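Listed below are the residues making up each chain.
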Amino acid sequence: MPQSTNTHMNYALPDHLLDLLGQYLQEQVTPTIEIDPAQLAYRWVGGHQGHLEPLAVNLFLSLDDLHGIDTQKAKLVQNTRQFLKGYPANHVLMTGSRGAGKSSLIRALLQAYHSEGLRIIEIARDDLRVLDKIRTAINALPADCGCHYVVYCDDLAFNGQDESYRTLKSVLDGSLDSEQDKLLVYATSNRRHLLPQLMKDNVNIYNGQTDEVNPYETIDETVSLSDRFGLWLSFHPMDQNTYLHIVRHYLSLSPNRNLDNANDVKESNVNKIDVETANKTLPDNIRAAALRWASERGGRSGRVAYQFSRYWIGQTRLAAEDNNS
């Protein structure tokens, strides 16, 4: 019978496998998240291995600068004030036509309430996996820091194969610690229920062409995410008078106003006159150019009005400079 021998076995992995293992582990671990209450806004950058990058926010836009969305603005302000006071408040989903002022409302809220402790963290849809870690970092802040955080998700929508929405569902309402007094989610989307609703789902149910025992649960799943937002705000296309009124307002904010002196109405008086009267104070050439601009862009919105004002102010100043040279 052969004698047993103790053989030294070398189990060390090759260097290239160790490098791959280290790279894999690094990709799976999110760095420690630190939040400074003095910083007004952050944006998550870099994917799963990313970090919160401080933002230098331009606070020139105020709530008074946003016209044609008074109802939506009042509800959002009310919800935000409740949140800042420590009273119960809701997560908010803003849906509707593009350029109607959904994103602008978030910036204007920060301008109005940053002195009361409002802070914004912007996160993209593809980075929602780190949302729970951001929430943990917020909870770790001192109780007396006086800051309340809104996690802002712009243009939020998912396809049927995207599973990252489940993380958002858990944070909104579902996990045991989902109720937060320092964090709310404000999201904007052009899709009402965030997940696609397909006609074939209904057809399959009615015709019995589905393998699911409870096919209606598929439909329930598509609306379960949006249902977890307590406040829904819908934004609709604006009429011509409102569009021209917004153009008028943005032009009046320019230090060198481009309106004829005879027709110039000071900014302090804009809100004291009705919309139709305000539009009549626009010179005919500006009014026609603004309407043509909206027609070329395929619709009227606050964003289109703002973009036209920048175009008009820029070209007017450039022409004046060329004439003086």
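Residues numbered from 1 in each chain as written. Predicted model: local features only at pLDDT ≥ 70, side-chain atom pairs only at ≥ 80, totals over all residues. Heavy atoms only, no water.

**Some words on the environment of Leu-63**
Move 1: Within the fold, Leu-63 resides in the loop between strand S2 (51–54) and helix H2 (70–84).
Move 2: Leu-63 sits 46 residues away from Leu-109 along the chain, and the two C-alpha atoms are 6.9 Å apart.
Move 3: Once residues lying within four places of it in the same chain are set aside, the contact partners of Leu-63 are Lys-73, Val-77, Leu-105, Ala-108, Leu-109, Ala-112 and Tyr-113. (Helix = DSSP H or I, 4+ residues; strand = E, 2+ residues; numbered from the N terminus. Contact = heavy atoms within 4.5 Å.)

**Looking at helix H4 (residues 131–139)**
Move 1: Residues Leu-131, Ile-134, Arg-135, Ala-137 and Ile-138 constitute the buried set of H4. Viewed along the axis of H4, the buried residues span an arc of 160°, placing them on a single side of the element. (Buried < 20%, exposed > 50% of the residue type's maximum accessible area, 1.4 Å probe, protein only. Arc of directions from axis to C-beta.)

**Some details on the sheet that holds strand S3 (residues 92–96)**
Move 1: The strand order across the open sheet formed by seven strands is S2-S1-S4-S5-S6-S3-S7, and the pairing between neighbours is mixed. The open sheet is flanked by S2 and strand S7 (231–235), the only strands paired with a single partner. When strand polarity is set aside, the average angle formed by the axes of neighbouring strands in this sheet is 25°.
Move 2: Strand direction decides the pairing type here: strand S1 (residues 41–45) and S2, joined by four bridges, are antiparallel. Bridging from a neighbouring strand, Trp-44 pairs with Leu-52 of S2. (Pairing = 2+ DSSP bridges. Axes fitted to C-alpha atoms, helices over the stretch in contact; angles between N-to-C directions.)

**Things to note about a positive patch on the surface**
Move 1: On the surface, Arg-98, Arg-107, Arg-297 and Arg-303 cluster together to form a positively charged patch.
Move 2: Relative to the helices and strands, Arg-297 is located in helix H11 (residues 284–297). (Patch = residues over 30% accessible without salt bridge, like charges linked within 9 Å, V, L, I, M, F, W, Y side chains within 5 Å. Areas by Shrake-Rupley, 256 points an atom, 1.4 Å probe, with all protein chains shown as cover. Salt bridge = Lys/Arg side-chain N within 4 Å of Asp/Glu carboxyl O. Lys, Arg positive; Asp, Glu negative; His and termini not counted. Charge placed at Lys NZ, Arg CZ, Asp CG, Glu CD.)

**Describing the pairing of S1**
Move 1: The pairing of S1 with strand S4 (residues 118–122) spans three bridges and is parallel. Its bridge partner being in S4, Tyr-42 is matched across the sheet by Ile-121.
Move 2: Linking two consecutive strands that pair antiparallel, namely S1 and S2, is a turn of five residues; a positive phi of about 95° is found at Gly-46 within it.

**Some points on the layout of surface pockets**
Move 1: Looking at the largest pocket, its volume works out to about 480 Å³.
Move 2: Along the wall of the largest pocket there are 24 residues; nearest its centre are Gly-101, Ser-103, Ser-104, Arg-107 and Arg-303.
Move 3: Looking at the lining of the largest pocket, the elements with two or more residues in it are helix H3 (102–113), strand S6 (183–189), helix H8 (240–252) and helix H12 (302–324).
Move 4: Of the residues contributing to the lining of the largest pocket, the split by class is eight nonpolar, nine polar and seven charged. (1 Å grid on protein atoms, 1.4 Å probe; cavity = no way out; pocket = protein on both sides within 12 Å on 5 of 7 lines; lining within 4 Å. Points joined across faces, edges and corners; volume = space filled by probe spheres on them. Nonpolar A, V, L, I, M, F, W, Y, C, P; charged D, E, K, R; others polar.)

**With respect to a nonpolar patch on the surface**
Move 1: On the surface, Leu-13, Leu-17, Leu-18, Leu-20 and Leu-21 cluster together into a nonpolar patch covering about 430 Å² of accessible area.
Move 2: On the secondary structure map, Leu-13 appears in the segment before helix H1 (15–28).

**Some thoughts on the nonpolar core**
Move 1: Of all hydrophobic cores here, the largest spans 46 residues; its most connected members are Tyr-243 and Phe-308.
Move 2: Setting aside anything within four residues of it in sequence, one finds Tyr-243 in contact with Met-238, Ala-290, Leu-291, Trp-293, Ala-294, Arg-300, Ser-301, Val-304, Ala-305 and Phe-308.
Move 3: In this structure, Ile-134, Ala-137, Leu-141 and Tyr-149 belong to the second largest nonpolar core, which totals 24 residues. (Core = buried A, V, L, I, M, F, W, Y, C linked by side-chain atoms within 4.5 Å.)

**Considering the pattern of salt bridges**
Move 1: All chains considered together, the criterion is met by three salt bridges.
Move 2: Asp-70 serves as the salt-bridge partner of Lys-73, at 4.0 Å between the closest nitrogen and oxygen. Remark: Asp-70 and Lys-73 occur in helix H2; sequence separation between them is three residues, near one turn of the helix.
Move 3: Residue Lys-73 is classed as buried on the basis of its relative accessible area of 13%.
Move 4: Relative accessible area serves as the criterion here: at 51%, Asp-70 is assigned to the exposed category.
Move 5: Notably, a salt bridge pairs Arg-135 with Asp-132, separated by 2.2 Å at the nearest N-O pair. Of this pair, Arg-135 and Asp-132 are both found in helix H4, three residues apart, which corresponds to roughly one turn of the helix.

**Some thoughts on the packing of aromatic side chains**
Move 1: Per the stated rule, a full pass over the model turns up five aromatic pairs.
Move 2: Ring geometry for Trp-293 versus Phe-308: centroids 6.0 Å apart, planes at 65°, classification edge-to-face. Here Trp-293, found in helix H11, pairs with Phe-308, found in helix H12; they are 15 residues apart in sequence, far enough to count as distant. Summarising the burial analysis for this pair, Trp-293 and Phe-308 share the class buried.
Move 3: In textbook terms, an aromatic cluster arises when at least three aromatic residues are bridged by ring pairs, as seen for Trp-293, Phe-308, Tyr-311 and Trp-312.
Move 4: For the cation-ring pair, Lys-102 lies above Phe-235, with the distance from its terminal atom to the ring centre recorded as 6.0 Å. (Phe/Tyr/Trp six-rings, centres within 6.5 Å; stacked < 30°, edge-to-face > 60°. Lys NZ or Arg CZ within 6 Å of the ring centre and 35° of its normal.)

**What to know about H12**
Move 1: Spanning 23 residues, H12 covers 33 Å between terminal C-alpha atoms, matching the ideal 33 Å at 1.5 Å per step.
Move 2: Where H12 is buried, its residues touch H8 and H11. (Expected span 1.5 Å × (residues − 1).)

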